[in-house]
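Chains, contacts and geometry: an overview
Chain by chain, the residues:
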Number of protein chains: 4
Amino acid sequence: MSQTDLTIFDKLESEVRSYVRSFPAVFNKAKGEKIWDEDGNEYLDFFSGAGALNYGHNDDKMKAKLIEYIMDDGITHSLDKASTAKAGFLTKFNEVILKPRQLDYKVMFPGPTGTNTVESALKLARKVTGRTDVISFTNGFHGMTIGSLSVTGNSFKRKGAGVPLQNVVTMPYDNFVNDDLDYLERFLEEAGSGVAIPAAMILETVQGEGGINTARFEWLKRVEDICKRWDILLIIDDVQAGVGRTGTFFSFEPAGIKPDIVCLSKSLSGYGLPFAITLIRPELDIWEPGEHNGTFRGNNHAFITATAALEYWEDPDFEKNIQVKSEMVHNFLEKMVKTYPEMKGEVRGRGLMAGIASDVDGFSNKVAAKAFENGMIMETSGPKDEVFKLFPPLNIKEKNLEKGFEIIEESIKSLVKEPVTN
Amino acid sequence: MSQTDLTIFDKLESEVRSYVRSFPAVFNKAKGEKIWDEDGNEYLDFFSGAGALNYGHNDDKMKAKLIEYIMDDGITHSLDKASTAKAGFLTKFNEVILKPRQLDYKVMFPGPTGTNTVESALKLARKVTGRTDVISFTNGFHGMTIGSLSVTGNSFKRKGAGVPLQNVVTMPYDNFVNDDLDYLERFLEEAGSGVAIPAAMILETVQGEGGINTARFEWLKRVEDICKRWDILLIIDDVQAGVGRTGTFFSFEPAGIKPDIVCLSKSLSGYGLPFAITLIRPELDIWEPGEHNGTFRGNNHAFITATAALEYWEDPDFEKNIQVKSEMVHNFLEKMVKTYPEMKGEVRGRGLMAGIASDVDGFSNKVAAKAFENGMIMETSGPKDEVFKLFPPLNIKEKNLEKGFEIIEESIKSLVKEPVTN
Amino acid sequence: MSQTDLTIFDKLESEVRSYVRSFPAVFNKAKGEKIWDEDGNEYLDFFSGAGALNYGHNDDKMKAKLIEYIMDDGITHSLDKASTAKAGFLTKFNEVILKPRQLDYKVMFPGPTGTNTVESALKLARKVTGRTDVISFTNGFHGMTIGSLSVTGNSFKRKGAGVPLQNVVTMPYDNFVNDDLDYLERFLEEAGSGVAIPAAMILETVQGEGGINTARFEWLKRVEDICKRWDILLIIDDVQAGVGRTGTFFSFEPAGIKPDIVCLSKSLSGYGLPFAITLIRPELDIWEPGEHNGTFRGNNHAFITATAALEYWEDPDFEKNIQVKSEMVHNFLEKMVKTYPEMKGEVRGRGLMAGIASDVDGFSNKVAAKAFENGMIMETSGPKDEVFKLFPPLNIKEKNLEKGFEIIEESIKSLVKEPVTN
Amino acid sequence: MSQTDLTIFDKLESEVRSYVRSFPAVFNKAKGEKIWDEDGNEYLDFFSGAGALNYGHNDDKMKAKLIEYIMDDGITHSLDKASTAKAGFLTKFNEVILKPRQLDYKVMFPGPTGTNTVESALKLARKVTGRTDVISFTNGFHGMTIGSLSVTGNSFKRKGAGVPLQNVVTMPYDNFVNDDLDYLERFLEEAGSGVAIPAAMILETVQGEGGINTARFEWLKRVEDICKRWDILLIIDDVQAGVGRTGTFFSFEPAGIKPDIVCLSKSLSGYGLPFAITLIRPELDIWEPGEHNGTFRGNNHAFITATAALEYWEDPDFEKNIQVKSEMVHNFLEKMVKTYPEMKGEVRGRGLMAGIASDVDGFSNKVAAKAFENGMIMETSGPKDEVFKLFPPLNIKEKNLEKGFEIIEESIKSLVKEPVTN
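Because the structure is predicted, anything quoted here is derived from the model rather than measured.

For the rest of this paragraph, the subject is the packing of aromatic side chains. Tallied over the entire structure, the rule returns 106 aromatic pairs over all chains. The interplanar angle of 85 degrees and the centroid separation of 5.0 Å between the aromatic rings of F249(D) and F250(D) together place this pair among those described as edge-to-face. For the pair formed by F249(D) and F250(D), the shared burial category is buried. An aromatic cluster is present here, built from Y55(A), F89(A), F93(A), F109(A), F249(A), F250(A), F252(A), F275(A), F303(A), Y312(A), W313(A) and F318(A) joined pairwise through their rings. The aromatic ring of F109(D) is capped on one face by K86(D), whose charged end is 4.7 Å from the ring centroid. Here the basic side chain of R186(D) rests over the ring of F176(A), its NZ or CZ set 4.2 Å away from the ring centre.

So, in structure tokens, the structure goes:
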């Protein structure tokens with residue numbers, strides 16, 4: 001099969017397929033920040049599996065542990081029976097992540113995907129409070145099953161539900177319009193506002209799919225205060241922004257808040273394997289056994305690689321390095337915006353979750369397409385795909401980061417020279 | 001950690017954990033129909049990961065392919081980009097499964113779990129028909145996210161939603177009461193029935209969680225006829241009953257029906273890895289790109305093992321062997337019911353999806369508990385856990401199947417001798 | 001304006017107008033069982049305002065009281081302030097209706113229409129039980145606002161909502177299919193049935209709009225037993241069947257049941273004025289002041305005429321006379337069915353709520369149209385208008401009843417002679 | 001029965017009764033702006049039946065017409081058959097109201113109460129647009145049946161529904177927070193806002209129950225512009241603010257907007273009789289016959305009095321007089337606020353829909369209670385009853401208006417002298 005031989009996919013795979021249309025190659029190998037297609041073409045990966053590959057592809061340490069486990073016939077699938085691999089993960093997660101951050105959470109295994117953890121969080125918040133409504137925020141993205149979709153802002157995705165989405169009120173995220181939290185607070189204060197006190201608020205500290213919108217720490221802090229004022233549970237969906245993407249393990253650490261419930265998935269397994277957990281403040285852990293479940297909630301391969309991945313966090317330099325690279329990225333992006341005013345760009349993001357929102361229709365998609373031609377994978381986000389999004393692995397080599405910058409600058413340059421049309 | 005050292009789970013894992021309470025051991029190794037705990041105790045597995053391990057644990061052929069793929073740095077996580085492993089799966093699935101059965105389906109990768117495929121099926125049915133309601137059946141089980149949960153019958157699970165579940169009408173499954181389909185048809189015929197023509201009907205041909213209830217082929221055929229009469233889409237949820245569990249790859253084959261949409265997951269990867277697909281009649285494949293998605297819809301490890309697993313189906317003896325073992329199981333169960341009338345048992349099921357429903361309160365749970373003491377893992381199902389459920393791997397050795405029968409008979413015998421109380 | 005001058009209505013009134021299309025005349029006067037149009041044509045009224053004129057038009061006793069009240073500047077509109085007229089109604093209703101029947105109800109004034117009382121009943125049942133679902137029955141009709149419409153069976157009316165109707169499960173009414181209540185009970189018993197224990201069941205003892213379907217007393221009794229078994233509230237919607245229409249004040253009296261909540265409207269004012277009440281078992285009266293309200297819940301003109309109307313019920317002969325006429329009607333209808341087998345008729349109903357369901361498409365509408373040509377007003381009902389419906393005033397003169405029979409027989413006769421086509 | 005003899009109501013009427021608790025007297029007579037209780041006590045009516053008695057009680061002209069009609073056995077109850085009285089109303093309404101204002105509406109008779117007209121408007125908007133959501137505004141009040149309640153802001157009333165209220169998004173009314181319509185428009189513009197383009201927006205130009213909140217004309221104009229920009233239907237609920245209450249027949253006239261649908265009720269009949277209409281832009285009148293209906297949609301007594309009431313509008317001085325009195329009221333209220341700063345008052349309203357919002361907890365209720373002691377009926381509104389509300393009849397005699405002012409000032413004065421506590 002050559003790079004352009006996508007016949008089998010065109011013939012057999014549903015029209016719903018999406019990324020294959022932006023990146024029309026058949027990939028077969030991957031390592032670190034590089035992937036290769038069947039024709040041997042090499043691509044620099046500034047996409048990281050939409051945030052599921054923060055440690056790059058096929059990390060050697062995790063790979064060794066995984067191979068050893070499989071070779072040894074370690075139990076693969078265990079539902080929520082106890083397993084040695086799971087005990088290992090729980091122990092390591094507690095020691096490396098929770099304890100040092102003075103976080104006291106119970107760990108729930110809700111099924112191995114982001115939408116599973118979000119659905120479990122919403123259920124629990126409703127059960128604990130006895131309330132039905134949840135407040136979500138504009139441009140939030142939380143998943144594609146009906147519960148998660150109901151708290152997702154994107155109108156195209158929402159329409160896909162085929163039924164009205166209920167029990168949710170959408171409030172403005174930071175910077176959506178002015179005075180956003182005054183507005184939200186007024187709605188809660190006023191008995192005639194039509195908005196009931198909700199079970200929970202759910203939000204991302206940086207919105208990945210929604211356009212790399214970044215909430216200020218004081219905004220997050222005030223959200224937490226509002227939640228406390230009315231006994232509303234605060235759910236942070238850290239599926240995309242967590243596991244180091246913004247510079248700390250949890251994206252909310254520098255804001256100084258302590259959510260009631262935290263959703264983690266994507267890069268949690270470290271190796272790109274399906275895995276998700278829901279962290280729950282212990283007093284809220286009033287689940288009945290089996291009240292929420294899922295066949296693949298005990299994916300031991302993921303326990304093994306996730307445990308290995310957590311070792312990175314034992315070294316304080318790991319976080320520092322992310323911050324160094326984050327600075328490089330933001331400096332580069334600021335330079336681009338200044339150097340190429342034609343793209344009407346605005347730098348967005350925090351840590352290695354960054355990008356440029358271009359006010360020129362279609363521009364960002366073209367930058368990503370050019371970059372692909374030039375050997376780089378990078379995606380766009382935002383309701384109108386107006387943001388091109390830099391998501392390199394956290395441990396990318398600096399020279400490859402710089403190589404990526406070059407490709408991006410070339411792509412931009414080639415586009416601002418030619419007339420921009422749709 | 002010894003068998004009884006579950007401290008770490010008690011301390012760190014959420015109260016929602018469930019199977020660990022029935023099977024209080026820490027498992028670490030598994031092979032074929034056997035698993036072992038940390039103390040080296042061996043258990044015969046008549047549970048098969050709730051249907052996710054139809055080929056037993058850690059099958060050698062799949063293991064070899066998976067190790068090779070990982071060693072070779074094959075791409076692990078690819079979202080819905082094209083990959084060599086995915087092309088391999090699509091090709092093999094088409095050749096070994098679809099073509100020989102004259103089934104013409106497009107394959108959708110909706111995310112790697114059963115509830116993902118069900119949610120995608122419901123969305124598509126609503127989109128295609130422009131209708132909102134779906135008809136589900138009593139004791140159906142389809143998943144735990146809000147869309148799938150709304151078509152699930154179990155009241156404990158439904159209550160867990162915390163919000164009213166909408167856009168669904170539950171109709172009686174075969175044998176729920178008499179004349180079930182007359183009833184259903186009357187509701188559709190009568191303009192004053194309060195039941196609108198739905199987008200779809202969704203059902204399992206044998207209900208796993210609902211109590212191993214088995215629909216007769218003529219009942220299934222008539223459901224298909226009713227769907228055709230009113231242009232209703234027929235969705236078969238073959239997540240648990242599919243992939244050979246009832247004796248054929250798809251559970252609906254012997255009924256002679258052709259569903260519009262089929263949901264597959266659990267044993268599809270063969271190795272217990274998270275994987276699911278949705279099969280769609282080509283004319284219905286009107287998805288927009290990305291209208292439904294999910295981060296782990298491109299789990300290449302699962303593509304590799306699933307492709308290897310499909311090789312079993314190239315050998316016609318594979319199906320025959322399932323049927324031989326099925327007969328052994330049903331003969332054994334019939335014998336049990338006759339020999340131990342005290343348990344007021346009724347044989348349920350089809351193929352290797354079988355069990356006994358006991359009309360004595362709590363009896364089935366006790367059989368399962370005794371069996372665990374005697375070195376076997378077996379679960380119960382049904383709204384009151386009234387069924388103990390034999391789910392051995394399809395390729396279990398005959399002598400181990402017989403060993404399992406012995407353990408079960410011993411467990412029953414020990415219980416009917418002692419007075420049954422709760 | 002002549003009989004056929006409907007210009008003003010065609011020009012200014014919405015297309016939603018309905019009866020004017022069946023009875024294209026401009027009516028101006030009415031008395032007892034007679035109404036007249038502007039051209040002086042006289043019509044015999046076998047329609048009784050769809051059950052709102054059980055005492056005929058403009059009853060002289062009520063008229064005198066009403067005129068006196070108006071002349072005297074009695075307060076007309078009082079919301080739920082206390083008024084002399086309202087005290088009079090409450091006292092009389094208690095003495096003449098409740099006490100003699102040993103019924104102990106609180107009286108709620110929910111707004112002056114049938115749908116107001118139904119909405120208030122549903123709200124209260126949900127408040128009392130803390131449950132959301134309500135069970136309604138096939139072909140039930142309860143009103144056109146969203147709450148009442150959700151428990152109404154008719155698909156054309158339901159579709160008019162423009163949103164999915166929620167929190168309702170429709171169960172089969174008596175004779176919808178066999179074994180109806182076995183079916184309902186099984187759904188409630190089975191924890192996996194997908195049907196939660198509801199707040200209430202709501203039903204009519206005879207379904208007016210639904211096709212004059214009549215529930216047997218033993219069926220009603222068993223519904224009451226089922227409600228008691230699960231602490232479900234029983235709401236009888238007696239808006240159309242109540243106030244004597246079936247032969248007793250409440251339609252449920254001969255069945256020997258005592259509903260928890262009763263909805264009354266239509267003929268309650270006696271004079272055709274808007275009026276409704278909700279009767280509530282005292283222990284259930286946990287409303288907060290003003291929790292449900294409505295501007296016209298204090299219609300004193302209606303209090304005056306309703307009080308006068310209740311005087312009829314002080315005379316035991318009043319009920320007996322209804323029963324005499326009921327027998328005349330049923331004998332006549334049985335004769336029609338036998339004499340004119342071509343219409344494939346079936347007698348339906350109880351008391352003076354009776355009709356013939358014809359299995360010949362369009363036949364019943366033609367009978368009603370012919371009858372109108374011959375000077376009689378009579379409507380059809382049922383999901384396909386398959387029933388022509390005899391609703392004479394309860395106090396119609398016997399000779400006029402017989403005159404009505406003649407008109408109907410003539411209409412039938414003329415239709416069976418000619419070939420029946422659509 | 002003496003004034004304090006409310007025994008019959010305590011014993012027989014539901015706890016839901018409300019105004020009788022604020023005005024504990026048994027009323028029996030009423031004329032113009034005066035009502036009397038059974039003990040002969042006279043009260044000045046600054047309440048006007050919550051806006052249902054804009055012409056005062058028992059207007060002599062209407063009374064004469066009504067008596068004549070009843071005496072003459074005019075048809076009382078006609079559903080939506082044509083009647084002479086209805087033709088008279090339609091003709092007069094067209095000539096006196098619609099034509100002079102160059103408004104071209106079809107008239108729908110949806111049932112005789114405010115909630116009926118609102119429910120019909122919502123249904124039609126959803127039918128016309130094929131969309132499900134409706135935008136309502138904070139502190140809006142539209143009725144108590146489930147459809148109308150879903151667009152009502154008050155949390156106490158909403159909770160009474162007993163089910164989650166769906167398919168509605170509440171947006172900030174004028175002055176709820178700053179930049180309200182920027183906010184609303186941003187939600188509609190942004191594809192990721194979680195708010196779909198709705199079928200309609202529904203609002204009152206002055207919010208009666210919500211606290212006499214008044215929308216500026218430029219705000220209303222901009223709402224209309226926004227509706228046009230996205231093809232959203234604009235529904236003005238003029239149930240309380242219409243029929244002259246704000247100084248013009250329709251409250252929206254001076255704002256220069258033309259709603260797509262208008263809801264009228266309350267004072268429409270003139271005499272306090274139940275009556276409502278829905279006005280529909282002709283192109284939107286796509287109802288099927290009978291798609292919405294209601295037993296009391298043909299209340300001929302109301303047609304007669306409503307027709308007589310419209311004669312007032314033939315005299316241009318009628319509107320001018322309202323404006324003169326409005327000025328008197330507003331001058332008086334401004335004076336009160338200045339003279340009694342202790343009540344922390346703010347003048348609210350437009351026309352004869354006016355009041356003072358006091359920022360002192362419980363103050364407004366005390367003013368109303370004092371006024372009652374002093375022989376005046378006046379109610380409070382707003383989510384915390386923070387507004388006392390002047391709703392005199394439009395045709396109140398000037399000396400009685402001034403007498404009312406005196407009573408109010410006395411009440412205020414007596415309260416600011418004493419310490420204010422709850």
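With that out of the way, let us pick up the sheet that holds strand β2 (residues 34-37) of chain B. Across a sheet, strands are paired by hydrogen bonds formed along the backbone, either parallel or antiparallel in direction. If you trace the five strands from one edge of the open sheet to the other, you get β4(A)-β1(B)-β2(B)-β3(B)-β16(B), paired in mixed fashion. The strands lining the two open edges of the sheet, one partner per strand, are β4 (82-83) of chain A together with β16 (376-377) of chain B. Across three bridges, the pairing between β2(B) and strand β3 (residues 42-45) of chain B is antiparallel. Along β3(B), the bridge assignment pairs K34(B) with L44(B).

The five strands are arranged β16(C)-β3(C)-β2(C)-β1(C)-β4(D) in an open sheet whose pairing can be described as mixed. With partners counted over all chains shown, the strands left at the sheet margins are β16 (376-377) of chain C together with β4 (82-83) of chain D, one partner each. Relative to strand β2 (residues 34-37) of chain C, strand β1 (residues 26-31) of chain C is paired through four bridges, and the arrangement is antiparallel. Paired with A30(C) across the bridge in β2(C) is I35(C).

All names here are of chain A. Per the domain assignment, the segments making up chain A are domain 1 (75-313) and domain 2 (316-395 + 404-417). Taken over C-alpha atoms, the centre of domain 1 sits 27 Å from the centre of domain 2. Every contact between the two is made by 27 residues of domain 1 and, on the other side, 23 residues of domain 2. Here domain 1 meets domain 2 over a buried area of about 1900 Å², counting both sides, of which 55% is carbon and sulfur. Area buried by domain 1 at its contact with domain 2 is led by I212, R245 and Y312, which between them contribute 36% of it. The tally of links from domain 1 across to domain 2 stands at two salt bridges. Two residues, R101 and E319, come together in a salt bridge whose shortest N-O distance is 3.4 Å. Its residues placed into classes, the side of domain 1 that touches domain 2 shows nine nonpolar, 15 polar and three charged.

Residue and element names in this part refer to chain A. Positionally, S120 belongs in helix α6 (residues 114-129). Judged by its relative accessible area of 0%, S120 falls in the buried class. Side-chain polar atoms of S120 contact the side chain of T278, separated by 2.9 Å. Setting aside anything within four residues of it in sequence, one finds S120 in contact with M108, P110, T278, W287 and H292.

Rules of the game
Residues numbered from 1 in each chain as written. Chains lettered and ligands numbered in written order. Predicted model: local features only at pLDDT ≥ 70, side-chain atom pairs only at ≥ 80, totals over all residues. Heavy atoms only, no water. Phe/Tyr/Trp six-rings, centres within 6.5 Å; stacked < 30°, edge-to-face > 60°. Buried < 20%, exposed > 50% of the residue type's maximum accessible area, 1.4 Å probe, protein only. Lys NZ or Arg CZ within 6 Å of the ring centre and 35° of its normal. Pairing = 2+ DSSP bridges. Helix = DSSP H or I, 4+ residues; strand = E, 2+ residues; numbered from the N terminus. Domains from an automatic or database assignment. Contact = heavy atoms within 4.5 Å. Buried area = accessible area lost by both parts, 1.4 Å probe. Salt bridge = Lys/Arg side-chain N within 4 Å of Asp/Glu carboxyl O. Nonpolar A, V, L, I, M, F, W, Y, C, P; charged D, E, K, R; others polar. Polar contact = N/O pair within 3.5 Å; in protein donor to acceptor, adjacent residues only side chain to side chain.

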